[in-house]
Amino acid sequence: YSLNELRKTSVSCDKCMLSFNDEEEVDQVKVMFILDSSLIKGELQNPFDGPSGEFFKKMLSAMKLDLETVYIAKIHRCPRSSELKLQSQAILEQMKLIKPQACVVCSPSVIRVISEFESINQCRGKWLQWEGLKIMPTYSPAFLMRSENVYGKVKKKEAWADLQLVMHELTI
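Bear in mind that the values here come from a model prediction, so they are computed numbers and not experimental data.

### Focus: the overall build of the chain
Phase 1 of the analysis: A count of helices and strands for the chain gives seven helices and seven strands.
Phase 2 of the analysis: Across the chain, helices and strands are ordered from the amino to the carboxyl terminus as α-β-β-β-α-β-α-β-α-α-β-β-α-α.
Phase 3 of the analysis: The buried share of the chain, taken over its 172 residues, is 49%.
Phase 4 of the analysis: Put simply, 67% of the contacts in the chain that link residues at least 6 apart link residues at least 24 apart.

Here it is, written out as structure tokens:
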């Protein structure tokens, strides 16, 4: 089973899109980020676009991560729960195939599938285990950008603490 085979079989709805890195790009992966993504004019948004994308770049830079060592999987939260389940399963298959040293999961949908938790807030700051992989749940860059007006910098500080745990795990 390969990423290319998974890409061909994973999505049945043309509105529900997943991202896949190329097969050759996964050799040096240390950490995998799983992000919820939004559609803009029917296209899955690039995780580096817009204000939340700029913030995501700053997060990676602060972690001293090269893009070659990062795999980014995006999931579009579809209103049809059956499609969301299929997308989550495809993300989980990517995780198993890539076997990163750590997964940073910023998607409540994926957290609900791999754990008993209902939200990122319930489990962030603690390592979870799934299929032998270390999972660090934390807030998404988009959530951190939106929440600053409500929570001030509290959520950003919590997310940074989570990312520091990942850096410690990767010995960065």
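Further notes follow.
### Here we look at the environment of aspartate 36
Phase 1 of the analysis: Inspection of the secondary structure assignment puts aspartate 36 in strand S1 (residues 31–37).
Phase 2 of the analysis: Residues aspartate 36 and isoleucine 75 lie 39 residues apart in sequence; the distance between their C-alpha atoms is 4.9 Å.
Phase 3 of the analysis: Polar side-chain contacts of aspartate 36 include one of 2.8 Å to the side chain of serine 107.

### Some thoughts on the environment of methionine 32
Phase 1 of the analysis: Looking at the element boundaries, methionine 32 is found in strand S1.
Phase 2 of the analysis: For the pair methionine 32 and methionine 95, spaced 63 residues apart in the sequence, the C-alpha separation amounts to 7.7 Å.
Phase 3 of the analysis: Beyond its immediate chain neighbours, meaning those up to four positions away, methionine 32 contacts Tyr71, Ala73, Ile91, Gln94, Met95, Ile98, Pro100, Ala102, Cys103 and Val104.

### Here's the deal with the packing of aromatic side chains
Think of a pair of aromatic rings as described by two things: how far the centres are apart, and how the planes are tilted against each other in angle.
Phase 1 of the analysis: Evaluation of the coordinates by the stated rule reveals four aromatic pairs.
Phase 2 of the analysis: Taken together, a centroid distance of 6.5 Å and an interplanar angle of 45 degrees make the contact between phenylalanine 143 and tyrosine 151 tilted.
Phase 3 of the analysis: For phenylalanine 143, a relative accessible area of 24% puts it in the partly exposed group.
Phase 4 of the analysis: With relative accessibility at 41%, the residue tyrosine 151 sits in the partly exposed group.
Phase 5 of the analysis: A network of ring pairs unites the aromatic residues Phe33, Phe48 and Phe56 as a single cluster.
Phase 6 of the analysis: Geometry around tryptophan 127 places lysine 134 over its ring, the cationic atom sitting 5.0 Å from the centre.
Phase 7 of the analysis: The ring of tyrosine 151 carries the charged tip of lysine 155 above its face, separated from the ring centre by 4.7 Å.

Conventions used here
Residues numbered from 1 in each chain as written. Predicted model: local features only at pLDDT ≥ 70, side-chain atom pairs only at ≥ 80, totals over all residues. Heavy atoms only, no water. Helix = DSSP H or I, 4+ residues; strand = E, 2+ residues; numbered from the N terminus. Buried < 20%, exposed > 50% of the residue type's maximum accessible area, 1.4 Å probe, protein only. Contact = heavy atoms within 4.5 Å. Polar contact = N/O pair within 3.5 Å; in protein donor to acceptor, adjacent residues only side chain to side chain. Phe/Tyr/Trp six-rings, centres within 6.5 Å; stacked < 30°, edge-to-face > 60°. Lys NZ or Arg CZ within 6 Å of the ring centre and 35° of its normal.

So, to be careful, I would describe these as geometric facts and stop short of saying anything about function.
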